[in-house]
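# Geometric and topological summary
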Amino acid sequence: MTQISVSPMQQMPLLLIVEDSNEDFEALQRFLGRSTIAIAIQRCVNGEQALAFLYRTGSYVERQSAPRPGLIVLDLNLPGTDGREVLRRIKQDDNLKMIPVVVFTTSNNPKDIEVCYQYGVNSYIVKPINFAQLKRDIQMLVEYWFEVTTLPDYPQDSLC
């Protein structure tokens, strides 16, 4: 006779949003809040802050203040260290490269798209101008990454 072990319900992974625009972040947050899934969100407003969060440096040195994200939504056009550099650093780091990264940006420049996929982005979404399309895109993003996809389980005490 075979025994099947059932694991307890896993906690929903953290969503790290790297977005400098308050308006875009508030729209994302509003739509995520309407989701049937309770998703914990951490926001970083620039590339330096995102890297500090991921590497647990500066104000994020305590593991509790910087849990490992299950998904990163990344704007490209950030002040200082831009999203391209953040993506490159994430995907070149053996400890971070498995975290899925979705670029969510206004840039539809083919060169940006190509560079991001060369760096290893998991998905590239151009922010729609239309409110209804934005809502639909965010809803699909949440459903795909948090309902359809199985994300890796990152031990919270691993890395940095």
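You'll find the structure just up there.
This write-up is about the structure you can find in this document.

The rules behind each value
Residues numbered from 1 in each chain as written. Predicted model: local features only at pLDDT ≥ 70, side-chain atom pairs only at ≥ 80, totals over all residues. Heavy atoms only, no water. Helix = DSSP H or I, 4+ residues; strand = E, 2+ residues; numbered from the N terminus. Buried < 20%, exposed > 50% of the residue type's maximum accessible area, 1.4 Å probe, protein only. Lys, Arg positive; Asp, Glu negative; His and termini not counted. Salt bridge = Lys/Arg side-chain N within 4 Å of Asp/Glu carboxyl O. Axes fitted to C-alpha atoms, helices over the stretch in contact; angles between N-to-C directions. Parallel < 35°, antiparallel > 145°, perpendicular 65-115°, else oblique. Left-handed = near helix turned anticlockwise from the far one by under 90°. Contact = heavy atoms within 4.5 Å. Nonpolar A, V, L, I, M, F, W, Y, C, P; charged D, E, K, R; others polar. Phe/Tyr/Trp six-rings, centres within 6.5 Å; stacked < 30°, edge-to-face > 60°. Lys NZ or Arg CZ within 6 Å of the ring centre and 35° of its normal.

Turning to the side chain of arginine 68, a few remarks are in order. Within the secondary structure, arginine 68 sits in the loop between helix 2 (47-55) and strand 3 (69-74). Here arginine 68 is buried and forms no salt bridge, its nearest opposite-charge partner aspartate 93 lying at an N-O distance of 8.5 Å.

A few words on the packing of helix 3 (residues 83-92) against helix 4 (residues 110-119). Closest axis-to-axis distance for the helix 3/helix 4 pair is 9 Å, and the angle between their directions is 20°. By the angle class used here, helix 3 and helix 4 are roughly parallel. As for the relative orientation of helix 3 and helix 4, their crossing is left-handed in sense. Note on element contacts: helix 4 touches helix 3 through Asp112, Cys116 and Tyr119, opposite Arg84, Leu87, Arg88 and Lys91. Grouping the constituent residues of the contact of helix 3 with helix 4 by class yields 3 nonpolar, no polar and 4 charged.

Let us look at the packing of aromatic side chains. Within this structure, the stated rule accounts for 3 aromatic pairs. Between the aromatic rings of phenylalanine 31 and phenylalanine 131, the centroid separation amounts to 5.4 Å while the plane-to-plane angle is 55°, which identifies the pairing as tilted. One end of the pair, phenylalanine 31, is in helix 1 (residues 22-33); the other, phenylalanine 131, is in helix 5 (residues 131-148), with 100 residues separating them in the sequence. Centroid distance tyrosine 144 to tryptophan 145: 5.1 Å. Interplanar angle 85°. Geometry classified as edge-to-face. By relative accessible area, tryptophan 145 is classed as buried at 10%. Positioned above the aromatic ring of phenylalanine 31, the side-chain terminus of arginine 30 is 6.0 Å from the ring centre.

Here glutamine 92 lies in helix 3. With 28 residues separating them along the chain, glutamine 92 and glycine 120 place their C-alpha atoms 8.9 Å apart.

None of the figures reported here should be taken as evidence of function without further support.
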